[in-house]
Amino acid sequence: GENVEQHPSTLSVQEGDSAVIKCTYSDSASNYFPWYKQELGKGPQLIIDIRSNVGEKKDQRIAVTLNKTAKHFSLHITETQPEDSAVYFCAASTLYNQGGKLIFGQGTELSVKP
Amino acid sequence: EPEVTQTPSHQVTQMGQEVILRCVPISNHLYFYWYRQILGQKVEFLVSFYNNEISEKSEIFDDQFSVERPDGSNFTLKIRSTKLEDSAMYFCASSERGGANVLTFGAGSRLTVL
C-alpha cells in the first residue's frame, strides 16, 4: 500500500546551521508533497508544498526538493532559529484524489539550540 | 487568520462509551477531514467528507465510526463504543477544494479510553 518513510526521527542543530529532513514514498502516482510543522499543543500547519511538475521550490529560509525518479523529497531549512524547533511531517498525495487523503511520514523532531 | 476549532481538547472516557468529537471548519471551506495520531505513531487518514457524504474512508474507519455535519458550521466524529486502541489525538481539517489542496488542521482532541 501507500507508504511514506521519513528520516531522521530526531534532529538537533545549532542555531544558524542548516537542517535537512528526507522522505521517500512508495506510490508512483503521488504528485503532491506538502510539509507540515507541528508546534506543541497545536495542529499541523502547512509550511511549504511542491507538485511533481517542479523539482525545487523555495520560500525564504525553507526549500523543498523532489526527485520523482528516486521517489524522494527533502526539506531544507537554512539559518535555523530556535523558533524552528518543532515536529515536521512530510506527506504525499495525488492531485486527482478527490478525498484529499494525505499519507504522512513518521515525523522529525527538530531541536535548534541557541 | 481563519482557523479550525476543535472541542474538547481532551476527553477521558470508559471503554464501551460513546464519544463525539466536534469541529468547526473554516467557514468557506467545503471539504472536511478527520485524521488521528496514536502516541508515537504517524498521522493517519480516517475519512473525508464533501457535500454531506463521505468521499473516502480508510480501513480504520469501521462501523464504530461515523461523521456528520449536523448544521452549517459543525463537523462531528462519533465513536459508538470506544476501545482502548481508540486512544489517540484526533485532528479535524478542512480545505477549500478537494484533491491535493491545502488542508488546514485544528489543534486536535486528545481521547483517552480507560
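Above this text sits the structure in question.
Summarised in this report is the structure supplied together with it. (Residues numbered from 1 in each chain as written. Chains lettered and ligands numbered in written order. Predicted model: local features only at pLDDT ≥ 70, side-chain atom pairs only at ≥ 80, totals over all residues. Heavy atoms only, no water.)

## Structural notes on the overall build of chain A
A count of helices and strands for chain A gives zero helices and 11 strands. Overall, chain A shows an N-to-C arrangement of helices and strands of β-β-β-β-β-β-β-β-β-β-β. Taken along its principal axes, the extent of the C-alpha atoms in chain A is 40 × 30 × 20 Å. Counting across all 114 residues of chain A, residues that qualify as buried make up 45%. In chain A, 55% of the contacts between residues at least 6 apart in sequence involve partners at least 24 apart. For chain A, the accessible area works out to roughly 5,500 Å², and carbon and sulfur atoms hold 48% of it. Distance between charge centroids for chain A: 5 Å, based on 11 positive and 13 negative side chains. (Helix = DSSP H or I, 4+ residues; strand = E, 2+ residues; numbered from the N terminus. Buried < 20%, exposed > 50% of the residue type's maximum accessible area, 1.4 Å probe, protein only. Contact = heavy atoms within 4.5 Å. Areas by Shrake-Rupley, 256 points an atom, 1.4 Å probe, with all protein chains shown as cover. Lys, Arg positive; Asp, Glu negative; His and termini not counted. Charge placed at Lys NZ, Arg CZ, Asp CG, Glu CD.)

## A word on the state of the cysteines
For the structure shown, the criterion picks out two disulfides over all chains. With a sulfur-sulfur separation of 1.9 Å, A:Cys23 is cross-linked through a disulfide to A:Cys90. Looking down the S-S bond of the A:Cys23 and A:Cys90 bridge, the torsion is -100°, so its handedness is left-handed. Placement of A:Cys23 in strand β3 (residues 19-25) and of A:Cys90 in strand β9 (residues 86-92) is noted, with a sequence separation of 67 residues between them. As far as burial versus exposure is concerned, A:Cys23 and A:Cys90 are alike and both buried. Sulfur-sulfur distance for the disulfide between B:Cys23 and B:Cys92 comes to 2.0 Å. Torsion about the S-S bond of the B:Cys23 and B:Cys92 cystine: about -65°, corresponding to left-handed handedness. Within this pair, whereas B:Cys23 is found in strand β3 (residues 19-24), its partner B:Cys92 is found in strand β9 (residues 88-95), the two being separated by 69 residues in sequence. The same class applies to B:Cys23 and to B:Cys92, which are both buried. (Disulfide = S-S within 2.5 Å.)

## Digging into the nonpolar core
By size, the foremost hydrophobic cluster in this structure holds 23 residues, and its most contacted members are A:Trp35, A:Phe73 and A:Leu110. Listed by contribution, the elements that provide at least two residues to this core are β2 (10-14), β3, β4 (32-38), β5 (45-51), β7 (62-67), β8 (72-77), β9 and β11 (108-113) of chain A. With 22 residues, the next largest nonpolar core counts B:Val4, B:Trp34, B:Phe49 and B:Val67 among its residues. (Core = buried A, V, L, I, M, F, W, Y, C linked by side-chain atoms within 4.5 Å.)

## Quick notes on the interface of chain B and chain A
Contact with chain B, which involves 20 residues of that partner, is made by 26 residues of chain A. Between chain B and chain A, roughly 1,700 Å² of surface is buried when both sides are summed, and carbon and sulfur atoms account for 55% of that area. At the boundary of chain B and chain A, one finds one salt bridge. Linking A:Lys101 and B:Glu56 is a salt bridge whose minimum nitrogen-to-oxygen distance equals 4.0 Å. (Buried area = accessible area lost by both parts, 1.4 Å probe. Salt bridge = Lys/Arg side-chain N within 4 Å of Asp/Glu carboxyl O.)

## Description of the pattern of salt bridges
Evaluated as defined, the whole model comprises seven salt bridges over all chains. One salt bridge connects A:Lys101 with A:Glu2, and the closest N-O pair in it is separated by 3.3 Å. Of this pair, A:Lys101 sits in the loop between β9 and β10 (103-104) while A:Glu2 sits in the segment before β1 (4-7), placing them 99 residues apart in sequence. Classification of A:Lys101 by relative accessible area gives buried; the value is 18%. The closest approach of N and O atoms between A:Arg61 and A:Asp84, which form a salt bridge, is 2.9 Å. Separated by 23 residues along the polypeptide, A:Arg61 in the loop between β6 (56-59) and β7 and A:Asp84 in the loop between β8 and β9 bring together distant segments of the chain. For A:Arg61, a relative accessible area of 22% corresponds to the partly exposed category. Owing to a relative accessible area of 7%, A:Asp84 belongs among the buried residues under this scheme. One continuous salt-bridge network, built from bridges that share partners, spans A:Glu2, A:Lys101 and B:Glu56.

## Describing the pairing of β8(A)
Residues and elements named next belong to chain A. In terms of strand pairing, β3 meets β8 through six bridges, oriented antiparallel. What sits directly across from Val20, in β8, is His76. The hairpin turn running from β7 into β8, its antiparallel successor, is four residues long, and Lys71 in that turn takes a positive phi close to 60°. (Pairing = 2+ DSSP bridges.)

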